[in-house]
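Close look at the chain arrangement
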Amino acid sequence: MALAFAARALTRNWEETRAVAAEVVPDWPWIVLASAIVLLTHASLVQCWRALLEGWDSAPSYWTSVRIWTISNFGKYLPGKVWSILALKILAGREGVSGIAATSAAIMGTLVNIGAGFGIAAISGAGALDALNPSARGVAVVGAVLFLAGTAAIPWLLPRMVAWFVARRGLPPVQRHLAPSRLWTVTAVHALSWVGYGLAFLAFSKGITPQVTGNAAAFITVYTISYLAGYLFLPAPGGIGIREWALVTMLVSLRMCSLPEATVLALASRVWITILEITPGLIALLFTARDRSRPPSLTTP
């Protein structure tokens, strides 16, 4: 439905959208700054995953974790949203990490990230969400409260859930569990990551469509909610179509720009963020293939 709506809107405003696109002159310093923020945010999320792993088991080195995390990102471009978690489990297992630890860390990181997104949207979009829809702010606040309550309960609930799971599967009991301080630190970093992505989107907007207006909080809110909409719509690989529809709808509803300008920005941001998500994984695959093709080194006694 959202894809059909987006297609109709693009068709109806094709001439205006094409005119706006023809006038785009990329401001590369802004785009480079935006890309650097995204990559630094990705780097912090890799460390969050390692921190969760270390709560249950030993974690691979940071650069090995970068390789695993970036390659597993390909999974988000398949329908279902579970393939990234499965890829993390398989790739981490090849590095000697237990399957339970890898899967638990991936699921926990995903849940914390989604909850932190709702929390940041509720905080940054307190005024903007009211303008978008009278009930939107309430939904975000409820999501934020549930997120905080869930985060507080996880140190008590998670060991019981893991114990139940391993008992059902006939696996050895887990001896280590996440310390509350570790979980809260990871939660704070995930919350800051949404702020980072929103600021990166602000910088990217200045580099592509400088006529788009709005303060930093508005850009953080728009990006966070549109990304969550795409992620939570399970059939859409990478949230494609849904994220752009939500992005355009919010930009126009909040009077940050016109519909053609929002359309151009949404399409450009899709290309931009896809490149930033896929390129590190391709580089990691290249280095992995090169390392595996090398013959084992010979040592002399």
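Here, every reference points to the structure presented above.
Quick caveat: nothing in here was measured; it's all calculated off a predicted structure. (Residues numbered from 1 in each chain as written. Predicted model: local features only at pLDDT ≥ 70, side-chain atom pairs only at ≥ 80, totals over all residues. Heavy atoms only, no water.)

A separate point is helix α6 (residues 99-124). For α6, spanning 26 residues, the distance from its first C-alpha to its last is 37 Å, which sits close to the expected 38 Å at 1.5 Å a residue. Along α6, 20 of the 26 residues are buried, which leaves the element largely enclosed by surrounding structure. (Helix = DSSP H or I, 4+ residues; strand = E, 2+ residues; numbered from the N terminus. Expected span 1.5 Å × (residues − 1). Buried < 20%, exposed > 50% of the residue type's maximum accessible area, 1.4 Å probe, protein only.)

Looking now at the pattern of salt bridges. Note on pairing: side chains with opposite charge can pair once their charged atoms come close. For the structure shown, the criterion picks out 5 salt bridges. Two residues, E277 and K76, come together in a salt bridge whose shortest N-O distance is 3.3 Å. With E277 in helix α12 (residues 259-293) and K76 in the loop between α4 (62-72) and α5 (83-93), the pair connects residues that are 201 residues apart, well separated along the chain. The salt bridge partner of R270 is E244, with a shortest N-O separation of 2.6 Å. (Salt bridge = Lys/Arg side-chain N within 4 Å of Asp/Glu carboxyl O.)

As a packed pair, α4 and α5 sit with axes 8 Å apart at the nearest point and diverge in direction by 150°. Between α4 and α5, the interaxial angle falls into the category roughly antiparallel. The interaxial crossing formed by α4 with α5 has right-handed handedness. Between α4 and α5, the contacting residues are I68, W69, I71 and S72 on the first element and S84, A87, L88, L91 and A92 on the second. (Axes fitted to C-alpha atoms, helices over the stretch in contact; angles between N-to-C directions. Parallel < 35°, antiparallel > 145°, perpendicular 65-115°, else oblique. Left-handed = near helix turned anticlockwise from the far one by under 90°. Contact = heavy atoms within 4.5 Å.)

What follows concerns a nonpolar patch on the surface. A cluster of nonpolar side chains, L78, V82, W83, L86 and I90, forms an exposed patch at the surface whose accessible area comes to about 430 Å². Inspection of the secondary structure puts W83 in helix α5. (Patch = residues over 30% accessible without salt bridge, like charges linked within 9 Å, V, L, I, M, F, W, Y side chains within 5 Å. Areas by Shrake-Rupley, 256 points an atom, 1.4 Å probe, with all protein chains shown as cover.)

Let's shift gears to unusual backbone geometry. Non-glycine residue R255 carries a positive phi angle of around 60°. Along the chain, R255 falls in the loop between α11 (242-253) and α12.

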